[in-house]
Amino acid sequence: MTQQEWRGTVVKKSRGLLDGANLYRRLHVRLQDGSTMKIRVNRTLWKVLEVGDSVIKRAGADPVKD
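Per chain, the residues get numbers from 1 upward, laid out in the order the sequence is written. Residues qualify for local features only when their pLDDT is at least 70, as the model is predicted, and side-chain atom pairs are given and counted only at 80 or more; totals for whole chains, interfaces and linings, by contrast, use all residues. Note: side-chain values were computed over all heavy atoms of the structure, leaving out hydrogens and water.

Engineer: Sorry if this is basic, but what is going on with the pattern of salt bridges here?
Structural biologist: Opposite charge on two side chains permits them to pair, given that their charged atoms come into close proximity. What counts as a salt bridge is simple: a side-chain nitrogen of Lys or Arg found within 4 Å of a carboxyl oxygen of Asp or Glu. Overall, the coordinates contain two salt bridges when judged by the stated rule. Where Arg7 meets Asp66, a salt bridge forms, and the shortest distance between an N and an O atom there is 2.7 Å. Of this pair, Arg7 sits in strand S1 (residues 6–16) while Asp66 sits in the segment after strand S5 (64–65), and the two are 59 residues apart along the sequence. Here Lys65 ties to Asp53 by a salt bridge, and the two come within 3.8 Å at their closest N and O atoms. Highlighted residues: Lys65 in strand S5 and Asp53 in the loop between helix H1 (43–48) and strand S4 (54–57), separated in sequence by 12 residues. Runs of E in the DSSP output that reach at least two residues are strands. Runs of H or I that reach at least four are helices, and both are numbered from the N terminus.

Now the structure itself:
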């Protein structure tokens, strides 16, 4: 398992009951190289982020608002 580091901008927020029991919160993040990725985040981070906000993830840590 690799420890990823990345920085990007939130382009979309979504949430859903994918398994019918648990609410999953996801962010669509555009990385500096132009690619996008979907990441699952906790409720606290999901609530403070808005589209256009910057997010950073360091190796071995959860994503945080930049």
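Engineer: What exactly am I supposed to notice about the sheet that holds S5 here?
Structural biologist: In sheet architecture, strand pairing relies on hydrogen bonds along the backbone and comes in two forms, parallel and antiparallel. At least two DSSP bridges between two strands are needed for those strands to be called paired. The five strands lie next to each other as S3-S2-S1-S4-S5, forming an open sheet whose pairing is antiparallel. Across the chains shown, the open sheet's two edge strands, defined by having one partner strand only, are strand S3 (36–41) and S5. Bridge analysis of strand S2 (residues 24–31) against S3 gives six bridges, and the strand direction is antiparallel. By the bridge assignment, His28 is partnered in S3 with Lys38.

Purely spatial values, then, with no claim about function.
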